[in-house]
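# Observations on the model geometry
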Amino acid sequence: MKTLRKLLSLLIVLGLIGGGVTYALTPSVDIKKSEKLANIKSTKAINDLNREFTQNASYKNSKLLTTAKIDDDMLASILQNSQLLDGSYKLVGNGIEAKLPVKLGLWDTQISTKIRVLGANNKVELILEDAKIGKVPIPDFALEKYLKEVLTGTGVSINGNTITIKSLGLPLKVEGIETVGGKITVTASLNNAQLLAYR
């Protein structure tokens, strides 16, 4: 009889632990099918962004300066050819709300985070804030380890919750990136030598 009680107690404890883990890894809000990047049909293309850069160009202090704004529609167009098609990405306030489904052992869950996008001096920083897997916050050291594994060989550097892209491979210099009111504003420049190269 004692063995049966111990076995029953063990099964109850394992059931409670399994239920607790399942609850913790279940996201508060699932990604709706209509929000998945793969199901969003953007009405904009990269050429629209190039056109905006061209229309907003001005020449000051021996530099060609230009700006362009990226909204949800343009963001969807930019991310469309990536490996992130099962995720959801929205510009909200001063950042991007990102949700990406992942499989963790037996559980289907998702990573959710707010990404602040900053940039200056031809460098872009993506700062991941409030990262969670399901309902469980991800500590910065664990997030850093995961990002280093996933982004190895991509030319980016990882420090805590910050991804830094230094060599953008663009023919212009990124002067600044700011996210305000659900739009990303990119300011870029070309100096005289770069301008002459386009002749």
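Residues numbered from 1 in each chain as written. Predicted model: local features only at pLDDT ≥ 70, side-chain atom pairs only at ≥ 80, totals over all residues. Heavy atoms only, no water.

A separate point is the overall build of the protein. The number of helices and strands found in the protein is five helices and eleven strands. Pairs at least 24 residues apart make up 51% of the contacts formed inside the protein by residues separated by at least 6 positions. Per element, the accessible surface of the protein, about 12,800 Å² overall, is 59% carbon and sulfur. (Helix = DSSP H or I, 4+ residues; strand = E, 2+ residues; numbered from the N terminus. Contact = heavy atoms within 4.5 Å. Areas by Shrake-Rupley, 256 points an atom, 1.4 Å probe, with all protein chains shown as cover.)

Relative to the helices and strands, Gln110 is located in strand β5 (residues 107-120). Residue Gln110 is classed as buried on the basis of its relative accessible area, which comes to 6%. Among all residues touching Gln110, those that are not within four sequence positions of it are Pro27, Val29, Asp30, Ile31, Lys99, Leu100, Pro101, Val102, Lys132, Ile133 and Gly134. (Buried < 20%, exposed > 50% of the residue type's maximum accessible area, 1.4 Å probe, protein only.)

Looking down a regular strand, the side chains alternate between one sheet face and the other. Of the pairings in the sheet, the one linking strand β3 (residues 88-92) to strand β4 (residues 95-104) comprises five bridges and is antiparallel in character. From the neighbouring strand, Tyr89 faces β4, where its bridge partner is Ala98. Of the pairings in the sheet, the one linking β4 to β5 comprises nine bridges and is antiparallel in character. The residue bridging Glu97 from the neighbouring strand is Lys114, located in β5. Counting the residues between successive antiparallel strands, the hairpin from β4 to β5 contains two residues, one of them, Gly105, with a positive phi of roughly 65°. (Pairing = 2+ DSSP bridges.)

Moving on: the layout of surface pockets. For the largest pocket, the calculated volume is near 1,700 Å³. Around the largest pocket, the lining comprises 43 residues; the ones closest to its centre are Ile78, Leu79, Leu84, Leu126 and Ile165. Each residue belonging to the lining of the largest pocket can be placed in one class, and the counts come to 37 nonpolar, five polar and one charged. For the second largest pocket, the calculated volume is near 230 Å³. Lining the second largest pocket are 14 residues, with Ala98, Lys99, Ser112, Thr113 and Lys132 sitting closest to its centre. Counting only elements with at least two residues in the lining of the second largest pocket, the list comes to β4, β5 and β6 (123-133). The residue inventory of the lining of the second largest pocket, partitioned by class, reads three nonpolar, five polar and six charged. (1 Å grid on protein atoms, 1.4 Å probe; cavity = no way out; pocket = protein on both sides within 12 Å on 5 of 7 lines; lining within 4 Å. Points joined across faces, edges and corners; volume = space filled by probe spheres on them. Nonpolar A, V, L, I, M, F, W, Y, C, P; charged D, E, K, R; others polar.)

This next bit is on unusual backbone geometry. One non-glycine residue, Asn61, lies in positive phi territory at about 50°. With respect to the helices and strands, Asn61 occurs in the loop between β1 (58-60) and β2 (63-70). Even without being glycine, Ser62 reaches a positive phi, approximately 60°. Tracing the backbone shows Ser62 in the loop between β1 and β2. Taking relative accessible area as the criterion, Ser62 reaches 42% and is therefore assigned partly exposed.

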